[in-house]
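Fold and geometry: a report
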Amino acid sequence: MNPPSPPSLLDGAVSGDGTIALPRPPLTPEDEARSQDRFRVHNARRHGRRWTLLWLLVGPGILAMLGENDGPSMISYATTGATYGIGFFLPFILVTFAMAVVCQEMCMRVGAVTHRGYGQLVLERFGPVWGWFSAGDLIFTNVVTLIAEFVAIRIGLSFFHLGAGVAALLGVVLVVFTLSGGRYWRWERIVLGMAVFNGLFLVAAIMTRPHWGTVGHGLITASPFPGGSFNTLLLLVASTIGATVTPWMIFFQQSASADKGLTPGDLRHGRYDTIAGAVFAALFGCGALIAGAALFGHGGAGFGPADALAGAGFPGALKLVSGNAAATVFALGLIEAGAVAILTISASTGYAVGECIGVAHSFNNSTRKASVFYGANVGAALIAAVIILIPGAPLLSIALNANVLATVLLPVALVFLIILANDRELMGQWANSAVTNRIAVAIVVFISICGAAYGIDSFLQTVHIV
Amino acid sequence: MTAAEQQELVEFLERDQLVLDTSRPVDRMVLSGPVRAALWAFRVFVMVVSAMVIYAFVSQLVH
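Computed from a predicted structure; not experimentally measured.

What to know about the overall build of chain B
- When helices and strands are tallied, chain B shows three helices and zero strands.
- For chain B, the sequential pattern of α-helices and β-strands runs α-α-α.
- Computed over its C-alpha atoms, the radius of gyration of chain B comes to 24 Å, more than 25% above the 11 Å expected for a compact globule of 63 residues.
- Along the first, second and third principal axes, the C-alpha set of chain B runs to 70 × 40 × 15 Å.
- Counting only residues that meet the buried cut, chain B has 17% of its 63 residues in that class.

What follows is the structure, encoded as structure tokens:
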């Protein structure tokens, strides 16, 4: 005999005359907003409108991937190009995005099946200690990364002779503006619209007139392999990994998938969304590297006016080699990359704080109903904005180290994600396959080794042991 | 909003997708001793490496 199923909100009660009286579940405004989005998905599916369905279901994957093509990532790719030229790092970017697809697909799947965010699940399934550890890691790396995003906007704006104050104001105003809708769908579409301009890096790359034969050779052979300082190489390897897979992406995509209302029936489209995001992000990331490679042979990272790269004045240095147009496009790209990342990273902070405290954490709520969620969103951006106004900040160093720190803290987040994605009580038939597990574990080992190698080597150099 | 309208809206959501359902905590996972030890070891390892990265970064800034 089957055990009695637990009572559900939608179970009806059979009245005396045999008719089923359906109870009215207490619908919150968040439910109402989400069900309106789901209504459109149902309609598109029922009428076989494939492209409409795809349009309705894409979002979290593309935003996570293009959001991670952020200011520090693009500076990191461009620095790699300027330091080593086109070679090993071009296919390495593709490999890291392939790793990102595996990790982000798990996030999307867990979010769609459980309808819960990563922070909430870790807290409930593993207890408050692990939950708050995860949220603490995230908030710390997010604030550091947000500083780097404001730095990227500042670098871009400084090309147009605008100062740090404008960068700080622009970032915070953007966050406040996009939060004002009270609908997840509206927020997602605004940020997606902005993220399209990540393609500016590809335009900048084309404008630097690279030798396409060299690009093709580098992609196929992954050579020449970079020489020079081992520590610099480790820094760039670690920061390139940190430029593609990070803790905030895990929090963001799982929570956004749940907030969007994805269900197990949408998993195929969720995968399309994640893969499309990775393809676009890899393409644009390679664009930043190729644009940066224009400086290779001109003194690389040491080239440019007034200590250009040390002050992270990448567009200024590019102007001298590839002209004003390419430099302008690159500068605009940096502003876009920083702006989109501020929105997505702030959102992941809001989700994590809301989920761990156990209060409303959805864009489908009003600011009054979800004040903690929106407060954390704006607060994180505000703290970072204030910090970049401090004069004499080491810009390039902050940008690169933000990614490295994310790489170092990522493996713990990934381990919990893998456990959750294998949790048959939660995931049922949608739990990880054996192949996914093998790949995911290999990714964790690889990222742990890269992060640890850089951390240990840097430390030993700092204390003059090597 | 009428009851009929509410019911219509609910039909587009899965039964475990409502806020009332997602607000109910899922059960705590029972971790075995070795798994707990492995998680803590990994956590300590990551904290040590993070401290090294931060120390090296701050040291570079100071000098």
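A look at the interface of chain A and chain B
- In this assembly, 44 residues from chain A lie in contact with 33 residues from chain B.
- Elements with a contribution of two residues or more to the side of chain A that touches chain B: α1 (29-46), α6 (118-126), α18 (395-421) and α20 (434-462) of chain A.
- For the side of chain A that touches chain B, the leading source of residues is α18 of chain A, giving nine residues.
- Across the side of chain A that touches chain B, the residue classes break down as 21 nonpolar, 14 polar and nine charged.

Description of the nonpolar core
- Counting 157 residues, the largest nonpolar core has C103, F150, L289, A291, F330 and L417 of chain A as the members making the most contacts within it.
- The biggest single contributor to this core is helix α16 (residues 324-357) of chain A, with 20 residues.
- Not counting the four nearest positions on each side in its chain, L417 of chain A is found in contact with C103, M106, C107, Y118 and I250 of chain A.
- Judged by nonpolar contacts, the second largest core, of five residues, contains L27 of chain A together with L13, L18 and V19 of chain B.

Side note on helix α15 (residues 314-322) of chain A
Residue and element names in this part refer to chain A.
- The element α15 is largely enclosed, with a buried count of seven among its nine residues.
- When we look at burial in α15, the residues that qualify are F314, P315, G316, A317, L318, K319 and S322.
- Where α15 ends, the next residue or the one after it, G323, has phi of about 100 degrees, a positive value.

Examining the environment of P128 of chain A
- Here P128 of chain A is to be found in helix α7 (residues 128-158).
- Separated by 228 residues in the primary sequence, P128 of chain A and C356 of chain A have C-alpha atoms spaced 8.2 Å apart.

Some points on the packing of helix α2 (residues 50-57) of chain A against helix α14 (residues 267-293) of chain A
Residue and element names in this part refer to chain A.
- Axis separation between α2 and α14 bottoms out at 9 Å; the angle between their running directions is 70 degrees. Taken together, the axes of α2 and α14 are roughly perpendicular relative to one another. For α2 against α14, the interelement crossing comes out right-handed. Residues L53, L54 and L57 of α2 pack against H269, G270, Y272 and D273 of α14.
- A breakdown of the residues in the contact of α2 with α14 according to their chemical character gives four nonpolar, two polar and one charged.

Here's the deal with α14 of chain A
- For α14 of chain A, spanning 27 residues, the distance from its first C-alpha to its last is 38 Å, which sits close to the expected 39 Å at 1.5 Å a residue.
- Among the 27 residues of α14 of chain A, 19 are classified as buried, and the element is accordingly described as predominantly covered.

Focus on the packing of α7 of chain A against α16 of chain A
Residue and element names in this part refer to chain A.
- Two elements in contact, α7 and α16, have axes whose closest approach is 8 Å; the angle formed by their N-to-C orientations is 160 degrees. Regarding the angle of α7 to α16, the classification is roughly antiparallel. The handedness of the crossing between α7 and α16 comes out as left-handed.
- Split by residue class, the contact of α7 with α16 holds 22 nonpolar, seven polar and one charged.

Some words on the confidence of the model for chain A
Residue and element names in this part refer to chain A.
- In the predicted model, chain A carries a mean pLDDT of 86, and the fraction of residues at 70 or more is 89%.
- Looking over chain A, one finds the lowest element-wise mean pLDDT in strand β1 (residues 13-14), namely 44, and the highest in α2, namely 97.
- Every residue in residues 1-19 scores below 50 in pLDDT, and together they form 17 contacts with partners more than four places removed in sequence or on other chains.
- Predicted confidence for residues 303-311 stays below pLDDT 50, and this span has 23 contacts to residues more than four positions away or in other chains.

Observations concerning the environment of A3 of chain B
- Relative to the elements of secondary structure, A3 of chain B occurs in helix α1 (residues 3-10).
- With 34 residues separating them along the chain, A3 of chain B and A37 of chain B place their C-alpha atoms 52 Å apart.

Concerning unusual backbone geometry
Residue and element names in this part refer to chain A.
- In the Ramachandran plot, H161 falls in the positive-phi region, its phi being about 65 degrees despite a non-glycine side chain.
- For H161, the position within the fold is in the loop between α7 and α8 (164-178).
- Judged by the 6 C-beta atoms lying within 10 Å of it, H161 falls in the exposed class.
- In this model, R209 sits at a positive phi of 50 degrees, which is unusual for a non-glycine residue.

Section: the confidence of the model for chain B
- Residues at a pLDDT of 70 or more form 92% of chain B, whose mean pLDDT is 85.
- The ipTM, which scores confidence in the relative placement of chains, is 0.88 for this predicted complex, and the corresponding pTM is 0.88.

A closer look at the environment of G316 of chain A
- Mapping G316 of chain A onto the fold places it in helix α15.
- Taking the C-alpha atoms as reference, G316 of chain A lies 34 Å from L179 of chain A; in sequence the two are 137 residues apart.

How each quantity is defined
- Residues numbered from 1 in each chain as written.
- Chains lettered and ligands numbered in written order.
- Predicted model: local features only at pLDDT ≥ 70, side-chain atom pairs only at ≥ 80, totals over all residues.
- Helix = DSSP H or I, 4+ residues; strand = E, 2+ residues; numbered from the N terminus.
- Rg over C-alpha atoms; globule rule 2.2 N^0.38 Å.
- Buried ≥ 20, exposed ≤ 12 C-beta atoms within 10 Å, placed from the backbone.
- Contact = placed C-beta atoms within 7 Å.
- Nonpolar A, V, L, I, M, F, W, Y, C, P; charged D, E, K, R; others polar.
- Core = buried A, V, L, I, M, F, W, Y, C linked by C-beta atoms within 7 Å.
- Axes fitted to C-alpha atoms, helices over the stretch in contact; angles between N-to-C directions.
- Parallel < 35°, antiparallel > 145°, perpendicular 65-115°, else oblique.
- Left-handed = near helix turned anticlockwise from the far one by under 90°.
- Expected span 1.5 Å × (residues − 1).
- pLDDT = per-residue confidence, 0-100.

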